[in-house]
Amino acid sequence: MPFGTVSPTTPDCFHYDRHKGESMHTQTDLRHVIYALSDALDLVGIDDINHGKRVGIMAAECMRLYGARSHEINFMFDLGTLHDIGVSSTQTHRNLLREFDWEGSQEHCITGAALLQDFAALSEMAAPVLYHHTRWDKLVEQGVPEPVIWQANLILLADRVDVMTAPYYADSSMLEHASEIREQVQMCSGTYFAPELVKLFLATSKSEAFWLQLETHSIQRYLQDMLLQGPKSHADMSELRQLASIFAHIVDAKSVFTARHSQGVASLSRFLGQRMGVSPAHCDKIEIAGLLHDLGKLRIPDEILDKPGKLDSRERQIINTHSFETYQILRQIKGFEEITPWAAYHHEAPGGSGYPFHLMGETLPLEARILRVADIFQAMVQERPYRAGLTIEEVRDFMLDMAGQGKIDGDVVNAALCDLDETMRVALVV
Ligand SMILES: [Fe+2]
Ligand SMILES: [Fe+2]
Ligand SMILES: [Fe+2]
């Protein structure tokens, strides 16, 4: 069973001499970032937030029993955690969970493969992600290469087992239902699943431990073990930017209302940082914070995010949780100690009227204030399905009014208004 392995220029009008000449190196482990960001993917499940990790655990455990080498086990675990990288929509997640063979399942496979294929560190996952909802007999019929068939089909098997087991995690009754789930897998041998993989799964899932390690409190421990055992690979700034960009696409794809918003906020934050004399190292990080600032939106149900009318107070409360969710995901990442608050404070206002921490004044770093201005500016000038983007005059008045009320930083607003045509161009990523 062959498995594969896996120079800024600063206009004179706004030059703040902050962090000048500073040089920073982020010691960040790429797999650590991937695991943390995979939490964001799992948030699309709203209340069922460990799907990817459970699929990864099941696939890795099958590989372990098969006698695979550690890099192959790691590869299948990582593939499991990221297999649904093409799913942004809570409705798509629901459909994938409700039906054993949902007819709309191909779209997220194509999206996911496209996101992965250009990023060298993860490009080997593109093919198995593309085929992870294609049944085994069809993969063979289509002449898909062998390693990809095994990888994709093991993910499909683990994925469907997780769907069958999902109703039983909440009350820990998986063991009571294990034999019926195993029987259902057996019934799909030779059609949905490769007979060899079915045999391997049945052997692996014989033990109680197999099912118990899928419980929520066991998953974190498993994840830590995988991180300790796995290869260490230091992520450089360009890899972090690429990875952040992939996740920005996932967030932006969630709603037609917000297409390219994260990309625009990232470009504009970097641009404003440069205008204000923020050091190049901090500008790199502020761009990553911009790409990731709305990660927590993946947990917001589509019907709230896409609601064309005014939100009621409950819906507003739900949508306002997103920056705290962003904080919870990013704070796990060693090396993201600065990026995390910059991204997570994008709804904090200098006057203390923001959320969720109600920070004010000096506790808000300049970079966070920049990101907040970029977030609002981009949203206002971007054309949305329910309204046109604001014109230059309108956005100037709007931003000055917000600054006057203490809701956004006046100095950052002045930097944005300095050459407004250029600011608009950057915000709209044109
Ligand atoms: Fe999937
Ligand atoms: Fe899945
Ligand atoms: Fe945003």
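Residues numbered from 1 in each chain as written. Chains lettered and ligands numbered in written order. Predicted model: local features only at pLDDT ≥ 70, side-chain atom pairs only at ≥ 80, totals over all residues. Heavy atoms only, no water.

### What to know about the coordination of the iron ion (ligand 2)
Stage number 1. Within the protein, the iron ion (ligand 2) binds to His51 (NE2), His83 (NE2), Asp84 (OD) and Asp159 (OD); these donor distances fall in the range 2.1 to 2.2 Å.
Stage number 2. For the iron ion (ligand 2), the single-chain donor residues occur in sequence as H-x31-H-D-x74-D.
Stage number 3. The metal-metal distance between the iron ion (ligand 2) and the iron ion (ligand 1) is 3.4 Å, with Asp84 coordinating both. Taken together, the residues span a long stretch of sequence, with His51 in helix α2 (residues 51-66) and Asp159 in helix α8 (residues 146-169) at a distance of 108 residues. Of the two residues, His51 and Asp159, neither departs from the other in class, the shared state being buried. (Donors = N, O, S within 2.8 Å, 3.2 Å for Na, K, Ca; no water. Helix = DSSP H or I, 4+ residues; strand = E, 2+ residues; numbered from the N terminus. Buried < 20%, exposed > 50% of the residue type's maximum accessible area, 1.4 Å probe, protein only.)

### A closer look at the coordination of the iron ion (ligand 3)
Stage number 1. Of the protein atoms, only His261 (NE2), His293 (NE2), Asp294 (OD) and Asp375 (OD) coordinate the iron ion (ligand 3), at distances of 2.2 to 2.3 Å.
Stage number 2. What the 4 donor atoms of the iron ion (ligand 3) show is an angle range of 77 to 170° at the metal, which sorts the shape as irregular.
Stage number 3. Take His261: its relative accessible area is 3%, and that puts it in the buried class.
Stage number 4. A relative accessible area of 8% places Asp375 in the buried class. (Tetrahedral: all angles 85-135°; square planar, octahedral: opposite > 155°, others 65-115°.)

### A word on the environment of Gln27
Stage number 1. Take Gln27: it is sitting in the segment before α1 (30-43).
Stage number 2. For Gln27, a relative accessible area of 52% translates into the label exposed.
Stage number 3. Placed 308 residues apart in sequence, Gln27 and Gly335 show a C-alpha to C-alpha distance of 5.6 Å.

### Points about the domain arrangement of the chain
It is common to give the size of an interface as the accessible area lost on bringing the parts into contact.
Stage number 1. Taken domain by domain, the chain comprises domain 1 (30-229) and domain 2 (237-427).
Stage number 2. Computed from C-alpha atoms alone, the centre-to-centre distance between domain 1 and domain 2 is 33 Å.
Stage number 3. Listed per partner, the contact involves 28 residues of domain 1 and 25 residues of domain 2.
Stage number 4. Carbon and sulfur atoms supply 70% of the area that domain 1 and domain 2 bury against each other, a total of about 2200 Å² over both sides. (Domains from an automatic or database assignment. Contact = heavy atoms within 4.5 Å. Buried area = accessible area lost by both parts, 1.4 Å probe.)

### Remarks on empty space enclosed by the protein
Stage number 1. Its boundaries defined by the atoms lining it, the largest cavity holds a volume of some 80 Å³.
Stage number 2. Along the walls of the largest cavity sit Leu96, Glu99, Phe100, Asp101, Trp102, Ser105, His133, Arg135, Leu156, Arg160 and Tyr192, which together make up its complete lining.
Stage number 3. The residue makeup of the lining of the largest cavity, split by class, is 5 nonpolar, 2 polar and 4 charged.
Stage number 4. Estimates place the volume of the second largest cavity at around 50 Å³. (1 Å grid on protein atoms, 1.4 Å probe; cavity = no way out; pocket = protein on both sides within 12 Å on 5 of 7 lines; lining within 4 Å. Points joined across faces, edges and corners; volume = space filled by probe spheres on them. Nonpolar A, V, L, I, M, F, W, Y, C, P; charged D, E, K, R; others polar.)

### Description of the packing of aromatic side chains
Stage number 1. Summed over all chains, the structure comprises 11 aromatic pairs.
Stage number 2. Measuring from centroid to centroid gives 5.7 Å for Phe201 and Phe210, while their planes differ by 80°, and the two rings are edge-to-face.
Stage number 3. Take Phe210: its relative accessible area is 2%, and that puts it in the buried class.
Stage number 4. Between the aromatic rings of Phe324 and Tyr327, the centroid separation amounts to 5.8 Å while the plane-to-plane angle is 35°, which identifies the pairing as tilted. One end of the pair, Phe324, and the other, Tyr327, are both in helix α18 (residues 322-330), 3 residues apart, so they sit about a helical turn from each other.
Stage number 5. Taking the relative accessible area as the measure of exposure, Phe324 reaches 33% and is therefore partly exposed.
Stage number 6. An aromatic cluster is present here, built from Phe324, Tyr327, Tyr345 and Phe357 joined pairwise through their rings. (Phe/Tyr/Trp six-rings, centres within 6.5 Å; stacked < 30°, edge-to-face > 60°.)

### Some details on the nonpolar core
Stage number 1. The biggest cluster of nonpolar side chains holds 128 residues, and the ones touching the most others in it are Phe247, Leu272 and Leu295.
Stage number 2. If one sorts the elements of this core by residue count, α8 sits on top with 13 residues.
Stage number 3. Structurally, this core is a two-domain feature, drawing no fewer than three residues from each of domain 1 (30-229) and domain 2 (237-427).
Stage number 4. Other than its neighbours up to four places away in sequence, Leu272 contacts Ile370, Val373, Ala374, Val412, Ala415 and Ala416. (Core = buried A, V, L, I, M, F, W, Y, C linked by side-chain atoms within 4.5 Å.)

### Here we look at the layout of surface pockets
In this approach a probe as big as a water molecule rolls over the atoms, and the regions it shows empty are the leftover space.
Stage number 1. Reported here for the largest pocket is a volume of approximately 990 Å³.
Stage number 2. It is helix α20 (residues 366-381) that provides the largest number of residues to the lining of the largest pocket, a total of 5 residues.
Stage number 3. A per-class count over the lining of the largest pocket returns 13 nonpolar, 8 polar and 10 charged.

### Observations concerning the pattern of salt bridges
Stage number 1. Summed over the entire model, instances satisfying the criterion amount to 21 salt bridges.
Stage number 2. Between Arg241 and Glu287 there is a salt bridge, with the nearest N and O atoms lying 3.2 Å from each other. Taken as a pair, Arg241 in helix α13 (residues 237-252) and Glu287 in helix α15 (residues 280-292) lie far apart in primary sequence, 46 residues in all.
Stage number 3. Its relative accessible area of 27% is what places Arg241 among the partly exposed residues.
Stage number 4. For the salt bridge of Glu422 with Arg425, the shortest nitrogen-to-oxygen distance reads 3.0 Å. Of this pair, Glu422 and Arg425 both sit in helix α23 (residues 420-427), 3 residues apart, roughly one helical turn.
Stage number 5. Residue class for Glu422 comes out partly exposed when judged on its relative accessible area of 26%. (Salt bridge = Lys/Arg side-chain N within 4 Å of Asp/Glu carboxyl O.)

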